[in-house]
Each structure stands twice: as structure tokens, then as C-alpha cells.
Amino acid sequence: MTDRKCVGCGIIKNRNDLIKITKEHSTNSLVINGNSKVFGRSAYLCYNSTCIENAFKKNKLQKILKTPVPAELKGQLTNELRHDKN
Ligand SMILES: [Zn+2]
């Protein structure tokens, strides 16, 4: 199955329609839309600012990834919205 649930709105979508945030298991760093070589606990978000905002409320993202999530990550995720995925 390639369907994943958005942390922000809880809607299940195709993995390709979601931003993936992975806690890289060897370095514990957070990777956005990492390639297939990035392994670790992952969370998914829709490509919209509302879901990003929701994921940061009540530390939802932090709880799912089981790691502290820096505030800068929100800006990085927002930048993803501007990328044209083609
Ligand atoms: Zn969503």
C-alpha cells in the first residue's frame, strides 16, 4: 500500500500527494521528502499550510516522530509548498 495518513487533517492520501518527513534513524536528523535511501520513522502531510500548522499544534509531529521538532522545520515545510512537483 502506498497510502499514508496526513498528520494535519487525518485524511488518507496517496504517498505521492503528501510531504514526507523522516527521522533518519542513524543520525536522528529530520529529512523532508528524502530519497529511498533515507530510512526511519516517518510522518506525512498534505501540501497545504493548514495541515502544516495543524501538525505543529499540540506537538503532533513531535509525538509521531518521537523526536523534538525544531521550529525551523515549519519554514522548510512551507518552502516545499512552493516547489513545483511536476
Ligand atoms: Zn492534510
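### Considerations on the overall build of the protein
Across its full length, the protein carries three helices and five strands. Moving toward the C terminus, one meets the helices and strands of the protein in the order β-β-β-β-β-α-α-α. Here the protein has a C-alpha radius of gyration of 12 Å; the compact-globule value for 86 residues is 12 Å, and the two agree. Reported as C-alpha extents along the three principal axes, the dimensions of the protein are approximately 30 × 30 × 25 Å.

### Notes on the nonpolar core
Counting residues in hydrophobic clusters, the biggest one holds 17 residues, and the most contacted among them are C6, V7, A43, Y44 and L45. Those elements that place two or more of their residues in this core are β3 (18–24), β5 (40–46), α1 (49–56) and α2 (60–65). Considering every element that reaches this core, the biggest residue donor is β5, with four residues. Aside from chain neighbours lying at most four places away, what touches Y44 is R4, K5, C6, V7, L18, I19 and K20.

### A look at the packing of α1 against helix α3 (residues 72–82)
Between α1 and α3, the least distance of the axes is 10 Å, while the angle of their chain directions is 165 degrees. Looking at the two axes, α1 sits roughly antiparallel to α3. Of the two elements, α1 crosses α3, and the hand of that crossing is right-handed. Here S49, I52 and F56 of α1 come into contact with α3, specifically with K74, L77, T78 and L81.

Cut-offs used in this document
Residues numbered from 1 in each chain as written. Predicted model: local features only at pLDDT ≥ 70, side-chain atom pairs only at ≥ 80, totals over all residues. Helix = DSSP H or I, 4+ residues; strand = E, 2+ residues; numbered from the N terminus. Rg over C-alpha atoms; globule rule 2.2 N^0.38 Å. Core = buried A, V, L, I, M, F, W, Y, C linked by C-beta atoms within 7 Å. Buried ≥ 20, exposed ≤ 12 C-beta atoms within 10 Å, placed from the backbone. Contact = placed C-beta atoms within 7 Å. Axes fitted to C-alpha atoms, helices over the stretch in contact; angles between N-to-C directions. Parallel < 35°, antiparallel > 145°, perpendicular 65-115°, else oblique. Left-handed = near helix turned anticlockwise from the far one by under 90°.

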